[in-house]
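Notes for the structure review
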Amino acid sequence: MVMGVKTSDSLNAIKVLVDSFRVNLPLAKTIVSKIWSLALELGKRYGEGFRFKIMDFCGTHEWTITYFGIRSLMPPSIELVAGPGCPVCVTPSYFIEEAIKLALDGVTIYTYGDVYRLRSIRFVRGAGSLSDAKALGGDIRVVTNILDAANDAKSRGRDAVFMGIGFETVAPGYAQALNRGLIPNNLKILSLVKLTPPAMFYSIDVQKGDVIEPPIMGVIAPGHVSTITGAKAWAPVSESFRIPVVVSGFEPIDVLASIAEILKQLASGKAETVIEYTRAVTWQGDLKAQSLIANTFEIVDDAWRGIGFIPKSGLRIKDRYSKYDAFKVYGIKDLTPDSWRYDLTPGCRCADVIIGKIKPTQCPLFMKSCTPSTPVGPCMVSIEGTCSIWARFGAGGLANEIAKELGLL
Ligand code: SF4
């Protein structure tokens, strides 16, 4: 009972905290005014017609920006674009096809819900997704974490594979499960974990010198990932590209404050990595988790769906745990730059959406042949996919209220 009271109290405290971030209209109004005055200052420096992009990396930030209509509060010079922060979207089709093969050969596949619906570019024995494979008799089980997969696999005793998709946030959990001997012998892990800083580097680098698109002049860095990596992981981005990077929380006020900080730095000629999300992120991050990851995984050049290989951007299981490594046990060949093939459906512009080069609405298939119920590309499948977020949520809520107060609507 005492525990219950404590839990309820702390839940209430969290709710009050979240509510104050979410509905603090005076604070939101102050920050938006600051953003407009800083944009005006930058306009004087760079010229009236100057436009630039601020890229958010994380699918949850994109959700906050879209759901709360934060774009509608921005001055015309600022474009908010989404980055590659959806691990399901960037998992190569090849690995979905390999999982389908295993499932149709009688191996149980444990996977997250959105991977279950992800379409492969090639059909495997009549299946173009894990849900198709289930319809054809495969044993596909949706789980929310690796321990559920481990417990279920142990109780069933069947040969099974867990599809280890995700970013740095999931890697410590996979590593801990292996380190503590929680994975039963009949369960193997297909480690497809991707690392985020190399992808951010790639996304900015590939657009450098683009004369059509406005330049990326600031980054809203992912808060969850940074609890593990620490803000230090993003310092090379601000140093190499001379742009501000702000590690942000996920409430609308967090995002607005992060945008204001980016503009403040730009106006004063600074380009630093700073933490807005101080209630969860430190500069060094979670050293124990980092050490677990380093002991369990090796870093490899990895393929990103529609994009190709990004150096040092993936994690594979180290030899010491090879008996749990699905690559080794099932002889799955890893992709190489020679074997990787472009893996998006013709017409799908996910590769450009993922690096913030275009908006989903610039894809000719958006909300025509490609919708949340009939997804053509991976960005429309996952709840963290930019196209899916844009399709499901429009501007509204808090943003409209503030915009009205500011006379913008
Ligand atoms: S709208 Fe659909 S087809 Fe177009 S980029 Fe997004 S996921 Fe791909």
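Details of the structure are given in the entry above.
Figured I'd write up the structure that's included with this text. Computed from a predicted model, the values in this text were never measured in an experiment.

Basis of the calculations
Residues numbered from 1 in each chain as written. Predicted model: local features only at pLDDT ≥ 70, side-chain atom pairs only at ≥ 80, totals over all residues. Helix = DSSP H or I, 4+ residues; strand = E, 2+ residues; numbered from the N terminus. Rg over C-alpha atoms; globule rule 2.2 N^0.38 Å. Buried ≥ 20, exposed ≤ 12 C-beta atoms within 10 Å, placed from the backbone. Contact = placed C-beta atoms within 7 Å. Axes fitted to C-alpha atoms, helices over the stretch in contact; angles between N-to-C directions. Parallel < 35°, antiparallel > 145°, perpendicular 65-115°, else oblique. Left-handed = near helix turned anticlockwise from the far one by under 90°. Nonpolar A, V, L, I, M, F, W, Y, C, P; charged D, E, K, R; others polar. Arc of directions from axis to C-beta. Pairing = 2+ DSSP bridges. Core = buried A, V, L, I, M, F, W, Y, C linked by C-beta atoms within 7 Å.

This part is about the overall build of the protein chain. Across its full length, the protein chain holds 17 helices and 13 strands. The C-alpha radius of gyration computed for the protein chain amounts to 22 Å, which stays within 12% of the reference 22 Å derived for 409 residues, consistent with globular compactness. The dimensions of the protein chain, computed from C-alpha atoms along their principal axes, are 65 × 60 × 40 Å. When each of the 409 residues of the protein chain is scored for burial, the buried share is 49%. In the protein chain, 76% of the contacts between residues at least 6 apart in sequence involve partners at least 24 apart.

Packing of helix α2 (residues 25-46) against helix α12 (residues 252-267) brings their axes to within 9 Å, and their N-to-C directions diverge by 25°. Relative to α12, the element α2 lies roughly parallel. In terms of crossing hand, the pair formed by α2 and α12 is left-handed. Contact residues: Leu27, Ala28, Ile31, Val32, Lys34, Ile35, Leu38, Ala39, Glu41 and Leu42 in α2; Pro252, Ile253, Leu256, Ala257, Ile259, Ala260, Leu263, Lys264, Leu266 and Ala267 in α12. Taken together, the residues of the contact of α2 with α12 sort by class into 17 nonpolar, no polar and three charged.

Turning to helix α8 (residues 171-179), its buried residues are Ala171, Tyr174, Ala175, Ala177 and Leu178. The buried side chains of α8 occupy one side of the element, clustering within an arc of 160° when seen end-on. Elements in contact with the buried residues of α8: α7 (146-156), β7 (160-166), β8 (187-193), α13 (287-296), β12 (297-304) and β13 (308-317).

Relative to the elements of secondary structure, Gln176 occurs in helix α8. C-beta crowding within 10 Å serves as the criterion here: with 17 such atoms nearby, Gln176 is assigned to the partly exposed category. Along the chain, Gln176 and Thr296 lie 120 residues apart, while their C-alpha atoms are 8.8 Å from each other.

Ordered by their spatial adjacency, four strands build an open sheet running β6-β3-β7-β8, and the pairing between neighbours is parallel. Looking along the sheet, the strands with just one partner apiece sit at the ends: β6 (140-142) and β8. Taken pair by pair, the neighbouring strands of this sheet meet at an average axis angle of 20°, ignoring direction. Pairing of strand β3 (residues 108-111) with β7 involves three bridges; the strand directions are parallel. Among the inter-strand pairings, Tyr110 is bridged to a residue of β7, identified as Phe162.

For the rest of this paragraph, the subject is the sheet that holds strand β11 (residues 273-275). An order of β2-β1-β9-β10-β11 is seen for the five strands of this open sheet, with the pairing classed as parallel. The open sheet terminates on both sides in strands that have one partner only, identified here as β2 (78-85) and β11. With strand direction ignored, the average angle separating the axes of adjacent strands in the sheet is 25°. Where strand β10 (residues 245-247) and β11 come together, three bridges link them in parallel fashion. Note on β11: the bridge partner recorded for Val245 is Thr273. The strands touched by α12 within the sheet are β1 (52-58), β9 (216-221), β10 and β11, with β9 carrying the most contacts at an inclination of about 145°.

With that out of the way, let us pick up the pairing of strand β4 (residues 119-124). Bridging between β4 and strand β5 (residues 127-129) involves two bridges; their strand directions are antiparallel. Bridge pairing in β5 links Arg119 to Ser129.

The next point concerns the packing of α7 against α8. Relative to each other, α7 and α8 sit at 35°, their axes nearing to 10 Å. Of the residues in α8, those in contact with Ile146, Leu147 and Ala150 of α7 are Gly173, Tyr174 and Ala177. In terms of residue class, the contact of α7 with α8 is built from five nonpolar, one polar and no charged.

Of all hydrophobic cores here, the largest spans 127 residues; its most connected members are Ala99, Met163 and Leu256. Contact partners of Met163, with chain neighbours within four places excluded, come to Ala99, Ile109, Tyr110, Thr111, Val115, Leu190 and Leu192.

A word on unusual backbone geometry. Of note, the phi angle at Arg125 is positive, near 45°, even though the residue is not glycine. Following the sequence through the fold, Arg125 ends up in the loop between β4 and β5. The backbone phi angle of Met367 is positive, close to 60°, even though this residue is not glycine. On the secondary structure map, Met367 appears in the loop between α15 (350-354) and α16 (386-392). Residue Met367 is classed as partly exposed on the basis of its C-beta count, with 14 C-beta atoms lying within 10 Å.

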